[in-house]
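Observations on the model geometry
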Amino acid sequence: IVGPKLSTTMENEACYREIPKFWEEAGQSGRLAKLASMMGKQPLGMLGVSACGEPCSDNIKFDYYIAVSTDQAVPEGMEEFTVPAATWAVFPCIGPMPAAIQEMQKRIAAEWLPSSGYEYGMAPDIEVYCEEDGTREDTRSEVWIPVVKKA
């Protein structure tokens, strides 16, 4: 993936405030338009990638990328990150951003994961944004969580 990176933390849910601001700044600066023109590999869509290298906890620090999957060269002011191969649990999400995606992520961790027979895998979380207008009640997106079967 290629895109701008933000370093943030789960501490005091700072990421839930900082990441929406990061998206807003990316839109205002023209970075989102630049990324959209670079899109060319699966998964298609604008991506939000949370790369922390370990399962999430309340005080974990992590890097968050607004990115696309592409073979193109990395533009100035952006970074490249290789998402490792993994098994993903994919959750469709419908609703306005950022509230819908944040609520889905919390529900996955609190409700689905503990009773699923899976545990958190060692790979990034991925948000796939399928539509440009994230304000509509029927905005479609997906949350991809890396998982491994419990032993």
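Residues numbered from 1 in each chain as written. Predicted model: local features only at pLDDT ≥ 70, side-chain atom pairs only at ≥ 80, totals over all residues. Heavy atoms only, no water.

**Description of the layout of surface pockets**
We apply this condition: The distinction between a cavity and a pocket rests on a 1 Å grid over the protein atoms alone: a 1.4 Å probe fits inside a cavity but cannot get out, while a pocket stays open yet meets protein on both sides within 12 Å along at least five of seven lines, and a residue with an atom within 4 Å of a point counts as lining. Grid points are joined across faces, edges and corners, and a volume is the space filled by probe spheres set on the points. Classes in brief: Ala, Val, Leu, Ile, Met, Phe, Trp, Tyr, Cys and Pro nonpolar; Asp, Glu, Lys and Arg charged; the others, Gly included, polar.
For the largest pocket, the calculated volume is near 1,100 Å³. Lining the largest pocket are 41 residues, and of these Trp-23, Tyr-64, Ile-101, Glu-127 and Tyr-129 sit closest to its centre. The residue makeup of the lining of the largest pocket, split by class, is 24 nonpolar, 9 polar and 8 charged. As a volume, the second largest pocket reaches approximately 240 Å³. Lining the second largest pocket are 15 residues, with Ile-1, Gln-42, Ser-69, Phe-81 and Val-83 positioned closest to its centre. Considering only residue class, the lining of the second largest pocket consists of 9 nonpolar, 4 polar and 2 charged.

**So, the nonpolar core**
This is how the line gets drawn: Side-chain atoms within 4.5 Å are what join buried Ala, Val, Leu, Ile, Met, Phe, Trp, Tyr and Cys residues into a set we call a nonpolar core. A simple rule labels every residue: compare its accessible area, found with a 1.4 Å probe on the protein chains alone, to the largest value its type can have, and call it buried under 20%, exposed over 50%, or partly exposed in between. In this description a helix means any DSSP run of H or I spanning at least four residues, a strand means any run of E spanning at least two, and both kinds are numbered starting from the N terminus.
If you look at the biggest cluster of nonpolar residues, it comprises 32 residues, and the most contacted ones within it are Phe-62, Tyr-64 and Ile-66. Among the elements of the structure, helix H1 (14–29), helix H2 (31–38), strand E4 (61–67), strand E6 (87–94), helix H3 (99–115) and strand E9 (140–149) are those that each provide at least two residues to this core. Top element by residues in this core is H1. It accounts for 6 residues. Core analysis: the second largest hydrophobic core is formed by 9 residues, Ala-51, Ile-126, Val-128 and Trp-144 among them.

**Notes on the pairing of strand E8 (residues 125–129)**
Convention followed: Whether two strands pair comes down to DSSP finding at least two bridges between them.
Most of E8 sits inside the fold, with 5 of its 5 residues counted as buried. With burial as the criterion, each face of E8 is covered, one bearing Asp-125, Glu-127 and Tyr-129 and the other bearing Ile-126 and Val-128. Pairing geometry for strand E3 (residues 46–51) and E8, over 5 bridges, is antiparallel. The partner of Met-46 across the bridge, within E8, is Tyr-129. When E8 meets E9, the two strands line up antiparallel, connected through 4 bridges. Bridging across to E9, Tyr-129 finds its partner in Ser-141.

**Digging into the packing of aromatic side chains**
Threshold: Two aromatic rings, drawn from Phe, Tyr or Trp (for Trp, its six-membered ring), form a pair once their centres lie within 6.5 Å of each other, and the interplanar angle then sorts them: stacked below 30 degrees, edge-to-face above 60, tilted otherwise. Note on geometry: a ring has a charge over it if NZ (lysine) or CZ (arginine) is within 6 Å of the ring centre and within 35 degrees of the ring normal.
Overall, the coordinates contain 6 aromatic pairs when judged by the stated rule. Between Trp-112 and Tyr-118, the ring centres sit 6.2 Å apart and the planes meet at 15°, which makes this aromatic pair stacked. With a relative accessible area of 27%, Trp-112 lands in the partly exposed category. Here Tyr-118 falls in the partly exposed class, since its relative accessible area comes to 26%. Taken together, Phe-91, Trp-112 and Tyr-118 form an aromatic cluster joined through their ring pairs. Over the ring of Tyr-16 we find Lys-106, and its NZ or CZ is 4.7 Å from the ring centre. Directly above the ring of Tyr-118 sits Lys-149, whose terminal nitrogen or CZ lies 4.8 Å from the centroid.

**Digging into unusual backbone geometry**
Phi is mostly negative for residues that are not glycine, and the peptide bonds are mostly trans. Of note, the amide linkage connecting Gln-42 to Pro-43 takes the cis form, showing an omega dihedral of -5°. Within the secondary structure, Pro-43 sits in the loop between H2 and E3. Cis geometry is found at the peptide bond from Met-97 to Pro-98, where omega equals 0°. The backbone of Glu-13 sits at a positive phi, close to 55°, despite the residue not being glycine. Residue position: Glu-13 is located in the loop between strand E2 (5–9) and H1. Classification of Glu-13 as partly exposed rests on a relative accessible area of 41%.

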